[in-house]
4 protein chains.
Amino acid sequence: MSRNSIGKNLVITSFGESHGSFVGAVIDGFPAGLSISSEDLQLEMNRRRPGQSALTTQRSETDEVQIISGVFEGKTLGTPIAILIPNQDVRSDDYLHLKDVYRPGHADLLYDVKYGHRDWRGGGRSSARITAAWVAAGALAKQWLNNQSSVNINAWVSQIATIKAPSIVAVTRDEIESSAVRCPHPESSNQMIVLIEEAKSNGDSLGGKITCLIEGLPQGLGEPVFGKLNAILGQYILNLNAVKGISFGDGFDAAELSGSNHNDEWIFREEFGKIGTRTNHSGGIIGGMSTGEPVKMEIAFKPTSTIAKEQTTVNASFEEVKLQAKGRHDPCVLPRAVPIVEALCYLAIMDLWLESPAKL
Amino acid sequence: MSRNSIGKNLVITSFGESHGSFVGAVIDGFPAGLSISSEDLQLEMNRRRPGQSALTTQRSETDEVQIISGVFEGKTLGTPIAILIPNQDVRSDDYLHLKDVYRPGHADLLYDVKYGHRDWRGGGRSSARITAAWVAAGALAKQWLNNQSSVNINAWVSQIATIKAPSIVAVTRDEIESSAVRCPHPESSNQMIVLIEEAKSNGDSLGGKITCLIEGLPQGLGEPVFGKLNAILGQYILNLNAVKGISFGDGFDAAELSGSNHNDEWIFREEFGKIGTRTNHSGGIIGGMSTGEPVKMEIAFKPTSTIAKEQTTVNASFEEVKLQAKGRHDPCVLPRAVPIVEALCYLAIMDLWLESPAKL
Amino acid sequence: MSRNSIGKNLVITSFGESHGSFVGAVIDGFPAGLSISSEDLQLEMNRRRPGQSALTTQRSETDEVQIISGVFEGKTLGTPIAILIPNQDVRSDDYLHLKDVYRPGHADLLYDVKYGHRDWRGGGRSSARITAAWVAAGALAKQWLNNQSSVNINAWVSQIATIKAPSIVAVTRDEIESSAVRCPHPESSNQMIVLIEEAKSNGDSLGGKITCLIEGLPQGLGEPVFGKLNAILGQYILNLNAVKGISFGDGFDAAELSGSNHNDEWIFREEFGKIGTRTNHSGGIIGGMSTGEPVKMEIAFKPTSTIAKEQTTVNASFEEVKLQAKGRHDPCVLPRAVPIVEALCYLAIMDLWLESPAKL
Amino acid sequence: MSRNSIGKNLVITSFGESHGSFVGAVIDGFPAGLSISSEDLQLEMNRRRPGQSALTTQRSETDEVQIISGVFEGKTLGTPIAILIPNQDVRSDDYLHLKDVYRPGHADLLYDVKYGHRDWRGGGRSSARITAAWVAAGALAKQWLNNQSSVNINAWVSQIATIKAPSIVAVTRDEIESSAVRCPHPESSNQMIVLIEEAKSNGDSLGGKITCLIEGLPQGLGEPVFGKLNAILGQYILNLNAVKGISFGDGFDAAELSGSNHNDEWIFREEFGKIGTRTNHSGGIIGGMSTGEPVKMEIAFKPTSTIAKEQTTVNASFEEVKLQAKGRHDPCVLPRAVPIVEALCYLAIMDLWLESPAKL
């Protein structure tokens, strides 16, 4: 088991540093015979791409994906798919002054302690830049799942700082994408944009919450007891930079309910010829397996650690220093984190899907 | 990778059904040479044991651990430690009426869908009974870590239904254990007890929140990028029955802060001769690695699914039926979940510890 | 990945010491719904059981398998199957004189070096006693494969010391079992028996070779590139005590052939409606995948390390000592190794089978 | 666990097809802080490189290794090392006539059966071209082991067809490299060269045997029971193209010895202050762990499957066809397999080394 790999049946191995020549991934276990759509792949890349709008980092990357193995004549071979994404717009000099300074909220110090040698350019391995390859991998997983199931995953920004969008039951990709912050509730979206612009001009940053809905799962996806659907999803998503919490269904609110209020009664749905639940407090997962109802997750993000405002910290000589960020960064990562969350969910779901095709 | 195993270096393989002859676990990767204290082991078992008080299930189990391999003359051999815990007080007849009924909040239906054959006695494999062996394994991990580090893990009940104990920075094991619900804040504890008794007499159940503090970690524990400390802890804990959410540090509250408020400034702590953080909003984890500050987690539990109150559900013939639980159960699982959470954390920490002994 | 586990989809976790209370295994990933035949299971156990004949160790074990989880009402649940086999006829005192002596050919010294603490009774963890649980696990894999395929695995003794049985193309279980040494060629069998009896009376021991034939595989079993069928089989079998070599098809003799002699030409077999090979020099595996022709392996075993003859060695105080074995042991392990080899092959094949059910 | 990955602590993930843009590998778990010598790396590449001499394939590749992550300022970062090796001299048209023909000894048919879609250019994924990246990875492992241990691995050609070099106890790298076929016994080397040239001119190919010696191991390397040193080495090497067998120590000859002849008596070696064995029949491994004596392996290779001689086979329409190879190929792969065998051994040893640094 590699610490830069994730998955059992569909194994993603991540590599690359922020200012190296490439970031990338190897996808192993991807079935043969799927015709890959490069357009759909690039579409997902564009959603995560820096420089999309005034609200995001101005690093300019086209993020064109190079698939260097595992695909032949446009179709997957069943062999490992290796993906490269060039790092083009690197300005490593912006980071020279950070070479020996430990930025607050960043892991520079811990990389030094753990490894003794660190790539200080653009955050090196700890940069969210490496998630570009995850989005590419997730886009392939999405194409595969779309091809043979009705699984559909939508994530959106449901909170920025104190602005909370009202709870939403159904949402379309278009509603999400029509908002610059990927919040499908127009009023909240507008307020969020104002808030982010304000934070940006103050040299500050904001956190928030992403909600994610997985629809169209069959019943019984998830592997008891240490491969529970929620634990697998959690494992993928908690490895995403800036995530500080995850919950399923009613989540932390479930703590306040009584059993008679929280329990989802089973009902027979004649129209579908199968059993479902009357309510969905459990968020589509019971006993670690999908119930067939939508899986609902909420994911908490801390505010971006890199801020322009002056901060006090220490350097490698243990001296107190003042710090003002010069590197390009997002005042709020959430809009660009939406496609990453979706990608991680597609990868997690496909991993479990490959394990029990016959049983479900 | 087995779906009933967890860990890379310290691998726990879980087995057993609620009403089988035993539940158990095999622990592989446990270093040789540790003298095992059976008393300390049994102490942890007693904290999880059913029948501790009027607030818990009346199933009576002594939960005496049988170690059948891997320990010789009281010391670990470095070979797999196999643990058996007998299931003695089983009353399978209590479950006969549930053989073909799908209990709300339980995974009976999903086991039927996924496996086609199900042990309906006491919930079978989906029962929290199987966590008895996890506590035993965790107790051994605790002994090993205590033997060579200052790692100390304390979990406690911080919320039952709407009763929330005030935020606590430091807490002792005695303060936790002196409360029947394992809430170290006496006033809240009393209110929680009243609430649980009330729920019990109403045939209902309650959820809540457990807070867990891991102190004494070195800097740099956790493996970028898919073995982040928070993701590993999350993976272990999200596999625990009834858990619906987990957060680290300020968790979901971090979403509301700005970067300048959330960032933990690095400071040099002269008294310890090392760098720490002035605040601990990040909950002791940055970039997936321990900062050396206490790791703080909050874990949301749904209310117990088994309730005495009448509920409507369906049976295996798709007919609507009324259901009233007869099996013994906890009106609130949180007090007994405290030692399980601690055990899972000890196992997760030891797994990572074994990976980087030289580096830290 | 646990070092006492093997397999990806069907994961066997082994535990136990020779003179502990039990040896055992946990089998994870075994599909639900198979009716287990205890008789067939016990039959395989009896083939490996000590005390079968005058040629084997006189340790007397009934080796009755206790299945303590994963099977309910005689059918597998899809949950981990935990197997216990009691160690009954232990005479640990026979080993007291070996407590501090490093037996030639045995790993006592290396366990001391590696672990610092060692169970010296009956060889502890290094004893072939632990393979009893492997045979039980293999017997279940056999039942599962028999239930849905025409896979058939037969191993037999093809050489003891200098007695080599003529090469055999087809063989029945009965022909193998009718020989006390499990050599289906009667004349060779008789010579082998004489040789073993002679070695026994001399206080010496013998090695030999086991041939194994796997018939009825579909084409394409085996996973390029690091899960090649031969590598997987090799991984399982090279972990078996006393094995010093393994080869496939023409094996070491292939080294002497030219390409035009060794290449197996593909032919269309009209009667089966599929492609096969005219010859089978490759032993049923090309490019790491099954060709559909019989897989043929040869496995070399060193002579039993425990001998009654006096030997010179050193003890834990680095002093030269004379040693004469007192513990019970086999003068030649091969007859009892036959069912173990078969069991390991069934486990390896089932592991791969579970990975590509749809593709083959 | 990915089927294109190998290792537990040092995980190599292989990717690439013979005529794709690159073959490559990701190395995860490689410790930080090692200064990489590009010269030493390229030296190993050159030993495997095609076009070395008249005896090898005339495909011309410089095999310059591109390290695109995990190394910064010439030193390893502790993050994944991704390696690319361009495929430059591809002549895919040479393979056009093989698009629908199943070459004898090759896995074309089996890829078609298993995956339904196949890269027929140069053998695609099944080509030994992909081992270029293994050699690069092994060269890094060698540098790491050389830096902190006295481990030394030498492989050489000990047999080509019927020419067997006399058994050798010690050998130097220079002696091996001074022979065009990497056989350190000059007389045998000359005979082998003649034989290979003859086979080449006949349009035929030859197999043989490689001997490999691992010196300088500490005692106790290898993990009982399913991570035995011989099983780990076997797992790596049996995944190498054309390997049909592997043996350790006396190997298949051990089958003919009696215990009193085969057992290696333990002796105290005063000059080293530690225990060793008087003889080394076991080939440096007992009970799956290194004894501290040299580990000796013999590896059987079948003759190259691609031959110029006309062969009969079938095509994808099940018709019998005649076939004469046009692609470039080696009449005997063994000389170029020598550095691959060494690389695989370095990777296997380093994987185990990382697991027990403190214990040994």
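Counting starts from 1 at the beginning of each chain's written sequence and moves along it residue by residue. All chains are assigned letters beginning with A, and all ligands numbers beginning with 1, in the order in which they are written. Under the rules for a predicted model, residues below a pLDDT of 70 receive no local features and side-chain atom pairs below 80 are neither given nor counted, while totals for whole chains, interfaces and linings still include all residues. Hydrogens and water molecules were not included; the side-chain quantities draw on all heavy atoms of the structure.

1. Observations regarding the overall build of chain A
Counting from the N terminus, the helices are DSSP H or I runs at least four residues long and the strands are E runs at least two residues long. When its secondary structure is counted, chain A shows eight helices and 18 strands. Radius of gyration: C-alpha atoms only; globule rule: 2.2 Å multiplied by the number of residues to the exponent 0.38. Against the compact-globule benchmark of 21 Å for 360 residues, chain A has a radius of gyration of 21 Å, which places it among compact chains. Along the first, second and third principal axes, the C-alpha set of chain A runs to 65 × 50 × 40 Å. For the exposure calls, accessible area comes from a 1.4 Å probe over protein chains only, and a residue counts as buried if that area is under 20% of its type's maximum, exposed if over 50%, partly exposed in between. Expressed as a percentage of its 360 residues, the buried residues of chain A come to 68%. Any pair of residues with heavy atoms lying within 4.5 Å of one another is described as a contacting pair. When contacts within chain A are restricted to residue pairs at least 6 apart in sequence, long-range pairs at least 24 apart make up 71% of them. Put simply, chain A shows about 11,200 Å² of open surface, and 47% of that area lies on carbon and sulfur atoms. Think of it this way: Lys and Arg go in the positive column, Asp and Glu in the negative one, and His and the chain ends go nowhere. All charge positions are set by atom: Lys at NZ, Arg at CZ, Asp at CG, Glu at CD. Charged side chains of chain A number 34 positive and 41 negative; the gap between the two group centres comes to 4 Å. Here the accessible surface of atoms and residues is derived via Shrake-Rupley with a 1.4 Å probe, and residues count as covered only by protein chains that are part of the display.

2. Quick notes on the relation of the copies chain A and chain D
Copies are brought into register by a least-squares superposition over C-alpha atoms of residues with pLDDT of at least 70 in both. Each copy superposes on the other: chain A lies on chain D with an RMSD of 0.0 Å after a rotation of 180 degrees and an axial shift of 0.0 Å. Those values place the two copies in the arrangement expected of a two-fold rotation axis. Of the residues that chain A buries at the interface, 100% are likewise interface residues in chain D, meaning the two copies contact each other through the same surface.

3. Structural notes on the interface of chain A and chain D
In this assembly, 37 residues from chain A lie in contact with 37 residues from chain D. Note on chain A versus chain D: buried area summed over both sides is about 3,000 Å², and carbon and sulfur give 63% of it. Throughout, the accessible surface (probe 1.4 Å) given up by two parts as they are put together, summed over both, is called the buried area. When the buried surface of chain A facing chain D is broken down by residue, Ile-68, Phe-72 and His-117 of chain A rank first, second and third, together holding 22% of it. By salt bridge we mean one thing: a side-chain nitrogen of Lys or Arg within 4 Å of a carboxyl oxygen of Asp or Glu. For the interface between chain A and chain D, the tally reads zero salt bridges. In the analysis that follows, any N or O atom pair within 3.5 Å is treated as a polar contact, provided that within protein one partner can donate a hydrogen and the other can accept it, and provided that, for residues neighboring in sequence, both atoms belong to side chains. The tally of links between chain A and chain D comes to 14 residue pairs in polar contact (both at pLDDT 80 or more). For the side of chain A that touches chain D, the secondary-structure elements that each account for two or more residues are strand S2 (11-16), strand S3 (22-28), strand S4 (66-69), strand S6 (75-76) and strand S7 (81-86) of chain A.

4. Comments concerning the packing of helix H6 (residues 229-238) of chain B against helix H8 (residues 334-353) of chain B
All names here are of chain B. Only C-alpha atoms enter the line fits that serve as axes; for helices the fit covers just the stretch in contact. Angles between N-to-C directions range over 0 to 180 degrees. Viewed as axis vectors pointing N to C, H6 and H8 meet at an angle of 140 degrees, and their least axial separation amounts to 9 Å. Classified by the interaxial angle, the pair formed by H6 and H8 is oblique. For the pair H6 and H8, the crossing hand works out as right-handed. Residues Leu-229, Ile-232, Leu-233, Tyr-236 and Ile-237 of H6 touch H8, and the partners they reach there are Val-341, Leu-344, Cys-345, Leu-347, Ala-348, Ile-349, Asp-351 and Leu-352. When the residues that make up the contact of H6 with H8 are grouped by side-chain class, the tally is twelve nonpolar, no polar and one charged. In this scheme, roughly parallel covers angles under 35 degrees and roughly antiparallel covers those over 145, while 65 to 115 is roughly perpendicular and the rest are oblique. Note on convention: near helix rotated counterclockwise from far helix by under a right angle means a left-handed crossing. Clockwise means right-handed. Any residue that is not Ala, Val, Leu, Ile, Met, Phe, Trp, Tyr, Cys, Pro, Asp, Glu, Lys or Arg is counted as polar, Gly included; the first ten are nonpolar and the last four charged.

5. With respect to the relation of the copies chain B and chain A
Superposing chain B onto chain A requires a rotation of 180 degrees together with a translation of 0.0 Å along the rotation axis, leaving an RMSD of 0.0 Å. When the interface residues of chain B are mapped onto chain A, 100% of them again lie at the interface, so the same face is used by both copies.

6. Details of helix H2 (residues 108-115) of chain C
An α-helical turn contains 3.6 residues, so a residue and the one three or four places further along point in the same direction. The element H2 of chain C is extensively covered by neighbouring structure, given that six of its eight residues are classed as buried. Tucked into the core, H2 of chain C has its buried residues touching strand S12 (266-269), strand S13 (274-277), strand S14 (285-286) and strand S15 (289-290) of chain D. Immediately beyond the C-terminal end of H2 of chain C, within one or two residues, lies Gly-116 of chain C, with a positive phi of roughly 75 degrees.

7. Describing the side chain of Glu-298 of chain D
Tracing the backbone shows Glu-298 of chain D in strand S16 (residues 295-301). Only 3.1 Å separates the side chain of Glu-298 of chain D from the side chain of Lys-209 of chain D, close enough to count as a polar contact. Each residue touching Glu-298 of chain D, except ones within four places of it in the same chain, is listed here: Phe-252 of chain C together with Lys-209, Ile-210, Thr-211, Gly-245, Ile-246 and Ser-247 of chain D.

8. Topic: the interface of chain B and chain A
Accessible area lost upon the coming together of the parts serves often as the stated size of an interface. Contact with chain B, which involves 106 residues of that partner, is made by 106 residues of chain A. Roughly 8,400 Å² of surface becomes buried between chain B and chain A when both sides are summed, with 61% attributable to carbon and sulfur atoms. Counting across the interface, chain B meets chain A through eight salt bridges. At the junction of chain B with chain A, the criterion picks out 51 residue pairs in polar contact (both at pLDDT 80 or more). Taken together, the residues of the side of chain B that touches chain A sort by class into 43 nonpolar, 41 polar and 22 charged. Pairs of strands are assigned from DSSP output, requiring at least two bridges between the strands. Bridge count for strand S11 (residues 243-248) of chain A against strand S11 (residues 243-248) of chain B is three bridges, and the pairing is antiparallel. Note on S11 of chain B: the bridge partner recorded for Ser-247 of chain A is Gly-245 of chain B.

9. With respect to the sheet that holds strand S11 (residues 243-248) of chain D
Read across the sheet, ten strands follow the order S9(C)-S8(C)-S10(C)-S16(C)-S11(C)-S11(D)-S16(D)-S10(D)-S8(D)-S9(D) without closing on themselves; strand pairing throughout is antiparallel. The outermost strands of the open sheet, each flanked by one partner alone, are strand S9 (163-164) of chain C together with strand S9 (163-164) of chain D. Packed onto the sheet, helix H6 (residues 229-237) of chain C meets strand S10 (208-215), strand S11 (243-248) and strand S16 (295-301) of chain C together with S11 of chain D and runs at close to 160 degrees relative to S11 of chain C. Set on the sheet, helix H6 (residues 229-238) of chain D makes contact with S11 of chain C together with strand S10 (208-215), S11 and S16 of chain D; between it and S11 of chain D the angle comes to about 160 degrees.

10. Points about the packing of aromatic side chains
Remark: the centre distance and the inter-plane angle together describe each pair of aromatic rings, the angle taken between the planes. Two rings from Phe, Tyr or Trp (for Trp, the six-membered ring) form a pair when their centres sit within 6.5 Å of each other. Planes less than 30 degrees apart are called stacked, planes more than 60 degrees apart edge-to-face, and all others tilted. Within this structure, the stated rule accounts for 18 aromatic pairs over all chains. Ring plane angle 35 degrees and centroid distance 4.8 Å describe the contact between Phe-226 of chain A and Trp-134 of chain B, whose orientation is recorded as tilted. Residue Phe-226 of chain A is located in the loop between strand S10 (208-215) and helix H6 (229-238), and its partner Trp-134 of chain B is located in helix H3 (residues 131-148); the two belong to separate chains. For the pair Phe-226 of chain A and Trp-134 of chain B, one class covers both residues: buried.

11. Some thoughts on the sheet that holds strand S4 (residues 66-69) of chain D
Strands belonging to one sheet form pairs held by backbone hydrogen bonds; the direction of such a pair is parallel or antiparallel. All names here are of chain D. Sheet architecture is open: five strands sit in the order S1-S2-S3-S7-S4, paired in antiparallel fashion. Each having just a single partner strand, strand S1 (5-6) and S4 make up the two edges of the open sheet. Sheet analysis places S1 next to strand S2 (residues 11-16), joined by two bridges and oriented antiparallel. The residue bridging Ser-5 from the neighbouring strand is Thr-13, located in S2.

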